[in-house]
Amino acid sequence: MSRFCYIKFASAVLLLLAAFSTCPAKEEERSRPTGQLKRFTFVEAHMGTHFKIILYAKDRATAEQAAKAAFARIAQLDGIMSHYRLTSELMQLCLKSDDKPVKVSSDLFAVLWQAQKMAEQSNGAFDVTIGPVVRLWRRCRLKNKLPTPQELAQARSLVGFRNLVLDPKHQTVQLKQPGMRLDLGGIGKGFAADKAIETLARLGVDRALVSAGGDIVVSKPPPDSDGWRIGIAPLEDPDARPERFIFLADAAIATSGDAERYVEIDGIRYSHIVDPRTGLGLVGRISATVIAPDGTTADALATTLNILGEKGLPLIEKTPGASGLIHRKVDNKDVLIKSKRFPDH
Ligand code: ADP
Ligand code: MG
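Residues numbered from 1 in each chain as written. Chains lettered and ligands numbered in written order. Predicted model: local features only at pLDDT ≥ 70, side-chain atom pairs only at ≥ 80, totals over all residues. Heavy atoms only, no water.

A.B. asks: Where do I start with the coordination of the magnesium ion (ligand 2) in this structure?
C.D. replies: Under perfect tetrahedral coordination by four donors, a metal shows angles of 109.5 degrees; under perfect octahedral coordination by six donors, it shows angles of 90 or 180 degrees. Donor atoms from the polypeptide that coordinate the magnesium ion (ligand 2) comprise G186 (O), D299 (O), D299 (OD) and T303 (OG1), at 1.9 to 2.6 Å from the metal. Within one chain, the residues serving as donors to the magnesium ion (ligand 2) are arranged as G-x112-D-x3-T. Of this pair, D299 and T303 both sit in helix α7 (residues 295-308), separated by four residues, roughly a single helical turn. Of the two residues examined, D299 and T303, each falls in the buried class. (Donors = N, O, S within 2.8 Å, 3.2 Å for Na, K, Ca; no water. Helix = DSSP H or I, 4+ residues; strand = E, 2+ residues; numbered from the N terminus. Buried < 20%, exposed > 50% of the residue type's maximum accessible area, 1.4 Å probe, protein only.)

A.B. asks: What should I look at first to understand the pattern of salt bridges in this one?
C.D. replies: Side chains that differ in charge, positive against negative, can pair when their charged atoms come close. Across all of its chains, the model carries ten salt bridges by this definition. Between E120 and R162 there is a salt bridge, with the nearest N and O atoms lying 3.2 Å from each other. With E120 in helix α3 (residues 106-121) and R162 in the loop between α5 (149-156) and β5 (164-167), this pair connects stretches of sequence that are 42 residues apart. D275 is paired through a salt bridge with R277; the nearest N and O atoms lie 2.9 Å apart. Looking at R277, the relative accessible area reads 52%, which means it is exposed. (Salt bridge = Lys/Arg side-chain N within 4 Å of Asp/Glu carboxyl O.)

A.B. asks: What is the right way to look at the site of ligand 1 in this model?
C.D. replies: With respect to spatial proximity, 18 residues lie near ligand 1, and among them D183, S256, R261, V274 and T303 are the closest. Here a nitrogen atom of ligand 1 sits 3.0 Å away from a polar atom, N or O, in the main chain of A125. Residue K189 places a side-chain N or O atom 3.2 Å away from an oxygen atom belonging to ligand 1. When ligand 1 is considered free in solution it has 570 Å² of accessible area, and contact with the protein chains removes 94% of it. At the level of elements, β13 (268-275) and α7 are the ones that each hand at least two residues to the shell around ligand 1. (Near = heavy atom within 4 Å. Polar contact = N/O pair within 3.5 Å; in protein donor to acceptor, adjacent residues only side chain to side chain. Areas by Shrake-Rupley, 256 points an atom, 1.4 Å probe, with all protein chains shown as cover.)

A.B. asks: Sorry if this is basic, but what is going on with the nonpolar core here?
C.D. replies: Looking at soluble globular proteins, one finds that nonpolar side chains tend to be buried together. Core analysis: the biggest nonpolar cluster contains 64 residues, and L55, L108, L112, L164, V173, L184 and L200 have the highest contact counts within it. Among the elements that line this core, the one with the most residues is helix α1 (residues 60-81), at nine residues. Membership of the second largest hydrophobic core comes to 15 residues, among which are L209, V218, L248 and A251. (Core = buried A, V, L, I, M, F, W, Y, C linked by side-chain atoms within 4.5 Å.)

A.B. asks: What is the right way to read the sheet that holds strand β14 (residues 280-283) from this model?
C.D. replies: On the basis of which strands lie adjacent, the open sheet formed by three strands has the order β12-β13-β14 and antiparallel pairing. At either end of the open sheet lies a strand with only one pairing partner, and these are β12 (262-265) and β14. Going from strand to strand, the sheet's axes swing by 50 degrees on average, the running direction of each strand aside. Bridge analysis of β13 against β14 gives three bridges, and the strand direction is antiparallel. Paired with D275 across the two strands is L280, which belongs to β14. The strands touched by helix α4 (residues 131-143) within the sheet are β12, β13 and β14, with β13 carrying the most contacts at an inclination of about 155 degrees. (Pairing = 2+ DSSP bridges. Axes fitted to C-alpha atoms, helices over the stretch in contact; angles between N-to-C directions. Contact = heavy atoms within 4.5 Å.)

A.B. asks: Would you mind showing me how to read the pairing of β12 here?
C.D. replies: One face of the sheet, then the other: side chains in a regular strand alternate in exactly this way. What you see with β12 is a clean split: V263 and I265 sit on the buried side and Y262 and E264 on the side with no burial. Pairing analysis gives four bridges linking β12 to β13, with the strands arranged antiparallel. Across the sheet, E264 pairs through a bridge with R269, a residue of β13. What sits between β12 and β13 in their antiparallel hairpin is a turn of two residues, with D266 showing a positive phi close to 50 degrees.

A.B. asks: Teacher, can you tell me more about helix α2 (residues 89-96) here?
C.D. replies: In an α-helix, one turn spans 3.6 residues; hence positions three or four apart end up facing the same way. When we look at burial in α2, the residues that qualify are L90, M91, L93 and C94. Taken down its axis, α2 places every buried residue within 155 degrees of arc, on the same side. (Arc of directions from axis to C-beta.)

A.B. asks: Explain the sheet that holds β5 here, please?
C.D. replies: Two pairing modes exist for strands in a sheet, parallel and antiparallel, and in both the strands are linked by backbone hydrogen bonds. Strand order across the open sheet formed by three strands is β4-β6-β5, with antiparallel pairing between neighbours. On the outer flanks of this sheet lie β4 (102-103) and β5, each paired with one strand and no other. Of the pairings in the sheet, the one linking β4 to strand β6 (residues 172-175) comprises two bridges and is antiparallel in character. Considered in β6, the bridge of V102 is made with V173.

A.B. asks: For this particular structure, what's the right way to read the side chain of T304?
C.D. replies: Inspection of the secondary structure puts T304 in helix α7. Within the structure, the side chain of T304 is placed 2.7 Å from the backbone oxygen of A300, a separation counted as a polar contact. If near-sequence neighbours (up to four positions away) are discounted, T304 is found in contact with M118, S122, F126 and L315.

A.B. asks: Quick question: what am I supposed to make of the environment of A75 here?
C.D. replies: Structurally, A75 is set in helix α1. A relative accessible area of 32% places A75 in the partly exposed class. Separated by 28 residues in sequence, A75 and M47 have C-alpha atoms that sit 8.1 Å apart.

Bear in mind that shape data such as this cannot, by itself, settle questions of function.
Here it is in structure tokens:
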């Protein structure tokens, strides 16, 4: 369960998260000891972003061993879930798929299972079969050009979560249409952060924070506090120093939006998040922050809330332990809409 000391909203909230240095594999030890435990920080590049681990351990050797194992777990998951690497288990599944059930690893099955749950609950707004359309958008971003109606129709014809069939008994995945491409970009970082926290806990490190860009998962709080202090940066400038903070323990928080990855074509700004109903990147400045019991749920829900906007709030309300905040820019004004449980103070 999450615990909060307080939360305050800036006038232009959002686009979280913990301010961090970008030096890969840097480790620092705070001079201030907290009881028997000391604080250590590690950063490594994975999944196209920087993963940061902050943990408390009794000594440097324990800290280093735990961080190394957690990063190794993240790297392993990248090798499974990446939609960039042709050698990943995910891509091999897509490339070799011929409408037959394929046995997959328990990690891949678990993340796909969660993804399909979100697809059902969001009525297909969140859909990891969106791959062909996302790829088309990526190309458009490079060329600064909208796709042609034919290109869009072709890509969209390969999208549909009901054509992704999972069998939990045999741990198999079936792609029912040739040419389908799965994309775990909206859920994978949260899943990897969850697994990293689990790895740390197995090694006896249960006071830790794992962040992956806009996704953060925390276990027990630092020894001298009630929660992990997480900064919320302004929507316009995600690199700006956060002015507001929330405190989290045993929970996850994810922010998703178009602040960093978007394309502007003919004066219209399109997000890297695609609305499966149109096949187009989302239009209009929006960002969504979701707090949930785990990173996988928070990550997927934050992406979903971008797509559904206010209509996604009932889904947040009915998800145990979840709360959310939507931040829109309307006529240059900040509009903040939150779910009932999103903490005020
Ligand atoms: P970020 O990757 O910036 O943290 P998100 O978690 O919102 O942001 O994930 C966005 C990514 O999710 C996109 O880059 C793409 O890979 C994937 N994606 C885009 N649209 C959808 C969608 N409708 N459903 C599921 N995944 C999506
Ligand atoms: Mg997401």
